[in-house]
Amino acid sequence: MGFINRFLVFMSLFTGLVSGFALQKLPFIQFDEGYTHLFGDQNLIVHRDGKSVRLTLDERTGSGFVSNDIYLHGFFSSSIKLPADYSAGVVIAFYLSNGDLYEKNHDEIDFEFLGNIRGKEWRIQTNIYGNGSTHLGREERYNLWFDPTEDFHQYSILWSLSHIIFCVDNVPIREVKRTAAMGGDFPAKPMSLYATIWDGSKWATDGGKYGVNYKYAPYVAQFTDLILHGCAVDPTEKFPSCEDEAVANLHLASEITESQRNKMESFRRKHMTYSYCYDHMRYKLVLSECVVNPAEAERLWVYDPVTFGGIPRGHRRGKHRSRSRLAGTESI
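What counts, and where the lines are drawn
One numbering rule holds for all chains: residues counted from 1, following each sequence as written. A pLDDT threshold of at least 70 governs which residues receive local features in this predicted model, and a stricter bar of 80 or more applies before side-chain atom pairs are shown or counted, although totals over entire chains, interfaces and linings include all residues. Side-chain measures were taken over the full set of non-hydrogen atoms in the model, leaving aside hydrogen atoms and water. For this document, the term salt bridge refers to a Lys or Arg side-chain nitrogen within 4 Å of an Asp or Glu carboxyl oxygen. Buried means the residue's accessible area, taken with a 1.4 Å probe over protein chains only, is under 20% of the maximum for its type, while exposed means over 50%, and partly exposed covers the values in between. By the criteria applied, helices consist of DSSP H or I runs no shorter than four residues and strands consist of E runs no shorter than two, each listed in order from the N terminus. For this text, the term disulfide refers to a pair of cysteine sulfurs within 2.5 Å.

Within this structure, the stated rule accounts for ten salt bridges. Residue Arg60 is joined to Asp58 by a salt bridge in which the shortest nitrogen-to-oxygen separation is 3.8 Å. The exposure class assigned to Arg60 is exposed, which follows from its relative accessible area of 53%. Judged by relative accessible area, which is 17%, Asp58 ranks as buried. The shortest N-O distance in the salt bridge between Arg261 and Glu175 comes to 3.0 Å. Placement of the pair is Arg261 in helix 4 (residues 258-271) and Glu175 in strand 12 (residues 171-177), with a sequence separation of 86 residues. Among the residues examined, Arg261 registers a relative accessible area of 26% and is labelled partly exposed. Ionic contacts of the salt-bridge type, sharing partners, join the residues Glu140, Arg174, Arg268 and Glu296 into one network.

Structure, rendered in structure tokens:
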């Protein structure tokens, strides 16, 4: 597809989306239309309808797929159903990366689903890297207000020039605003979209205390309702860019409404279990983009007073120095 056609597709995506993050109306695509097999041989199965995919982890291998195009900003989404029962050590990832193009200074925007032992729920981790800044992890972890193994739920990433927004079932759960102080730590180079399942026994569950038990294999993650829209670029261009109007419309689409922001803050108060912005064991000085919410800080301090003791100086809400599972029937 030529640049003009890709640009027209990108523009059609954001027509009507600038009224406040109305992204749930985007069309779903066929798997072969947007993705290709990455690894795993027969452990990746595309359903007959062409719209759904099964990724499997067994003793032989995990599996994964990758987008056909490389994108500089866009909206990326899938409805995912996670494996049930014992899933410790299993990692399912839905993420943007350019590690194959920029080995030493890659960018990444991650949704990671971390399995657990029987009787404990899956956890979600989000993270971003920019320009190879893997030494500065910007992780957050959360429980969910539903069981992600019982049905499909939508997980989405919106990436613009100025914002990154993570959503679950169209509820924003995390917003990263680009700041001057972040410099290259904000992902800014073209990336591909990946989905994978793999063995993360060394770290995924309680720091590696519980690993994958292949007695419960195969572990199957199901993906459907695939949305893959953005500014596709030519990776051979030295300075790839998108048309100004497209970038402007994407920026407008990334504005969170007051109602959505209230839902995000409610989610974070109830379900966030870790944020690097409050981790004083790891960062003696809070990273510049962090804006500390005292309510979040207090909840995390109760959750883990050693890691999250106190509220950092100069980062209380209103003093912005640059950024800012419960399973069952409880809502956000």
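Attention now goes to the state of the cysteines. Per the counting criterion, the structure on display carries one disulfide. The residue that forms a disulfide with Cys277 is Cys290, at a sulfur-sulfur distance of 2.0 Å. A torsion of -80° about the S-S bond marks the disulfide between Cys277 and Cys290 as left-handed. With a gap of 13 residues between them, Cys277 in the loop between strand 15 (272-275) and helix 5 (294-303) and Cys290 in the loop between strand 15 and helix 5 connect regions that are remote in the sequence. For the pair Cys277 and Cys290, one class covers both residues: buried.

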